[in-house]
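# A closer look at the structure
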Amino acid sequence: MAQSLISTQDLAVGFKRDGKDVALLTGLNLDLKAGTLVALLGMNGAGKSTLLRAITGDTRPLAGTLCYDGRDVTTMSILERARFMGLVSTERIAAGGLTVTELVEMGRQPHTGFLGRLSKHDHEVVAHALESVGMTHKASSYTASLSDGERQKCMIARALAQETPVIVLDEPTAFLDVASRIETMQLLRDLAQEHGKAVLLSSHDMSQSLMQAHELWLITHDRQVLTGTAQELMEQGAMDRLFPSPRICFNENLLDYQLK
Amino acid sequence: MQVNESHSATRTITVMAVLTTALIALAVACLLVGSVDIPAGEVWSIVTGAGSSNDAWEIIVLDTRIPMIVTALLAGAALAVSGLLLQTTFNNPLAGPSILGVSTGAGLGVAIVMLAMGGTVGGIFGQTAGSYVAIMLGALLGAGAVLLILIVFSSIVKNSTVLLIIGILVSYLASSIISLLNSIATEEGISNYVAWGFGTFSGVSMTQMPVYATLLVLSLAASSLMVKPLNAMLMGTRYATNMGVNVQRSRGVLLLITGVLTAVVTAFCGPIGFLGLVVPHVARLMLGTSNHSRLIPATMLAGAATALLCTLLSVMGKHVIPINAITPVIGVPIIIYLIVNRRKIQYFN
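Predicted model only: the values in this text are computed from it and were never measured.

## Some thoughts on the overall build of chain A
- For chain A, the count of helices and strands is eight helices and 13 strands.
- Relative to the 2.2 N^0.38 estimate, which gives 18 Å for 260 residues, the radius of gyration of chain A is 19 Å and therefore close to what a compact globule would have.
- Expressed along its principal axes, the backbone C-alpha trace of chain A runs to roughly 55 × 40 × 40 Å.
- Out of the 260 residues belonging to chain A, those deemed buried represent 53%.
- Across chain A, the fraction of contacts at a sequence separation of at least 24, relative to all contacts at a separation of at least 6, is 64%.
- Surface accessibility of chain A: about 11500 Å² in total, with carbon and sulfur atoms responsible for 49%.
- Between the averaged position of the 25 positive side-chain charges in chain A and that of its 31 negative side-chain charges there is a distance of 6 Å.

## Overview of the overall build of chain B
- Counting its regular elements, chain B contains 14 helices and zero strands.
- Listing each helix as α and each strand as β along chain B from the N terminus yields α-α-α-α-α-α-α-α-α-α-α-α-α-α.
- Once the C-alpha set of chain B is aligned to its principal axes, its extents read approximately 65 × 50 × 35 Å.
- Looking at chain B as a whole, 54% of its 349 residues are labelled buried.

## A word on the packing of aromatic side chains
All names here are of chain A.
- Applying the stated criterion across every chain yields a total of four aromatic pairs over all chains.
- On the numbers, 4.8 Å between centres and 15° between planes, the contact of Tyr-68 with Phe-84 is stacked. Of this pair, Tyr-68 sits in strand S5 (residues 63-68) while Phe-84 is found in helix H2 (residues 78-84), placing the two residues 16 residues apart along the sequence. The pair formed by Tyr-68 and Phe-84 is uniform in burial state, with each residue classed as buried.
- Both rings, one in Phe-250 and one in Tyr-257, keep their centres 5.0 Å apart while their planes meet at 70°; by these two values the pair is edge-to-face.
- Here Phe-250 falls in the buried class, since its relative accessible area comes to 10%.
- According to the relative accessible area criterion, Tyr-257 is buried, its value standing at 16%.
- Members of the aromatic cluster, connected to one another through ring pairs, are Phe-243, Phe-250 and Tyr-257.

## Brief notes about helix H12 (residues 275-287) of chain B
- In this model, H12(B) (13 residues) spans 18 Å end to end at C-alpha, consistent with the 18 Å of a helix rising 1.5 Å per residue.
- Burial analysis of H12(B) places ten of its 13 residues in the buried class, which makes it a mostly covered element.

## Quick word on the interface of chain B and chain A
- Residue-level contacts link 28 residues of chain B with 42 residues of chain A.
- For the chain B face of the interface with chain A, the top three residues by lost area are B:Lys228, B:Arg238 and B:Tyr239, together amounting to 29%.
- Summed over the shared surface of chain B and chain A, the result is three salt bridges.
- Here B:Arg238 and A:Glu91 are joined by a salt bridge, their closest N and O atoms 3.7 Å apart.
- Summed over the shared surface of chain B and chain A, the number is 15 residue pairs in polar contact (both at pLDDT 80 or more).

## Quick word on unusual backbone geometry
- Positive phi is not limited to glycine here, since A:Asp18 has a value of about 50°.
- Within the secondary structure layout, A:Asp18 lies in the loop between strand S1 (4-17) and strand S2 (20-28).
- Assessed through its relative accessible area of 77%, A:Asp18 is described here as exposed.
- Positive phi, normally seen in glycine, also occurs at B:Phe274, with a value near 70°.
- Note that B:Phe274 resides in the loop between helix H11 (247-269) and H12.

## Structural notes on the environment of A:Ala129
- As for its placement among the helices and strands, A:Ala129 is situated in helix H4 (residues 120-132).
- In contact with A:Ala129, not counting residues within four places along its chain, are A:Val104, A:Ala157, A:Leu160 and A:Ala161.

## Considering the environment of A:Leu160
Residue and element names in this part refer to chain A.
- Position of Leu-160 among the secondary structure elements: in helix H5 (residues 148-161).
- Put simply, Leu-160 and His-195 are 35 residues apart on the chain and 11 Å apart in space, counted from C-alpha to C-alpha.
- If we skip the residues at most four places from it in the chain, Leu-160 touches Ala-129, Ser-132, Val-133, Ile-167 and Leu-191.

## Details of the confidence of the model for chain B
- In the predicted model, chain B carries a mean pLDDT of 87, and 92% of its residues have values of at least 70.
- Averaged over each element, pLDDT in chain B is lowest for helix H7 (residues 187-198) of chain B (71) and highest for helix H13 (residues 292-316) of chain B (96).

## Focus on helix H2 (residues 40-47) of chain B
All names here are of chain B.
- Buried residues of H2: Val-43, Ser-45 and Ile-46, and no others. Buried residues of H2, viewed axially, fall in a sector of 165°; they line one side.
- At the exit of H2 stands Gly-49, carrying a positive phi of roughly 90°.

Each value, and the rule that gives it
- Residues numbered from 1 in each chain as written.
- Chains lettered and ligands numbered in written order.
- Predicted model: local features only at pLDDT ≥ 70, side-chain atom pairs only at ≥ 80, totals over all residues.
- Heavy atoms only, no water.
- Helix = DSSP H or I, 4+ residues; strand = E, 2+ residues; numbered from the N terminus.
- Rg over C-alpha atoms; globule rule 2.2 N^0.38 Å.
- Buried < 20%, exposed > 50% of the residue type's maximum accessible area, 1.4 Å probe, protein only.
- Contact = heavy atoms within 4.5 Å.
- Areas by Shrake-Rupley, 256 points an atom, 1.4 Å probe, with all protein chains shown as cover.
- Lys, Arg positive; Asp, Glu negative; His and termini not counted.
- Charge placed at Lys NZ, Arg CZ, Asp CG, Glu CD.
- Phe/Tyr/Trp six-rings, centres within 6.5 Å; stacked < 30°, edge-to-face > 60°.
- Expected span 1.5 Å × (residues − 1).
- Buried area = accessible area lost by both parts, 1.4 Å probe.
- Salt bridge = Lys/Arg side-chain N within 4 Å of Asp/Glu carboxyl O.
- Polar contact = N/O pair within 3.5 Å; in protein donor to acceptor, adjacent residues only side chain to side chain.
- pLDDT = per-residue confidence, 0-100.
- Arc of directions from axis to C-beta.

Here is the structure:
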């Protein structure tokens, strides 16, 4: 049994409105294991980003506990969390005036000293991260000059340079064309499989997620979270519970949704 | 656009060398130029300690020109770094201590303290040693109050333009309170205040210099220790946190540094506009980077050089021109250039 890196017990996530907690998903008992690529699927507004924000520690859970490698997250410092989990989010960044290398070097911040001086090892890690995402040729370019897809790859490289056991990505393939989407998913799968990392990503790309992810976390339209391999979930008929519309159904041959 | 690593190192060295040369040249010019003509040879012998045949010249150089040069270069570096820290902290390229009302807040603090002490409103001129410490505390509290208002609003309104407007409104409010305070001040107080409000680098005497210089040098040194969180904050709060930065604490420290820098300069030199807003952009354009490890030293040098340029222009004519009449002439064209070209300038994207 692979080591469980992130686990939740009766976790409830949601948001605050007018000072009151509004729970989106409750009673979550999730387990993210080393060496697996997990895809979080669900329709718009289902709570994917909310769940990811809770798991990354950006928002406090409404109830239940969240553990990183068996430790309650609330007892961990910001730096300890930074060394445990790398993030690729959809936030806009104002780092256009940095080169790609400088951007990726920021991933070393949790490992460098007070002044952030980089060692030879740090430079090697950065170069290797850039190579992994195939962006070495852009190393000296300004971040602002990149296309959306290139920027996304560099943000993944930044997370890789952080050398964390877990990587969480919020819709990493959203802006990418099909070829880049496949490459990116393959890269993330390799990271999990060959480097033993746990990779959790949210996605709207059904076929790629079903083909490449080791495990799926499905948020159904009535806010249940179902987990399992693609095969298991398809056998349970879970795929048809993703969307409320009876006219949209899952086609197992296409590995995608279609009109009935 | 490609930036070769060795190319960028060369560029950094070139920029630093150019700025340092400009700084020295401007300092020398400020020593030589003034309403009283003193021959360069005489200035040289006064500065080197050989003395001069004319006692008045000695007093002018040692007690007026040198303190003015030191005051200006520290004030310039301080305001420019304040602007840079505010721009990064609020993720707003148009932030600066004067436009966000931090300078005016410090000015209001000064006015209130002076009135409370039974004196007159208006800067630090002619104050006793004890009272200028109180005035500086007043400036610090005023600047701090405005920064607190900005922090509160920045957590409510995410839009950076709205934050600027709030800063401008706070600034108007503080100005109006200062005017109200002025209406109950004495005649002499008002003229003092007016002179202070115009901005001047001639207000720091040699006895006040140690306090002024120490506070600014320490705060500037502190700002250069914040390179790591500053760079992380370019990526936004969520990423910065993910890189191990305690964003709330770093923001607090950065705003404290900004507050001290702006308050000290404002207490001694008056609310000086534009320098803090413009200089960081000049430094970014010259270096071609938003990386604070290079940006902070370049901003200090460029700020000091710009303040000396303003000083030189202010003393070149027959009458001394107020600093605040010069800074917009230099600043506004640069701001307009930046706004017009923002699509082309890499760090805006």
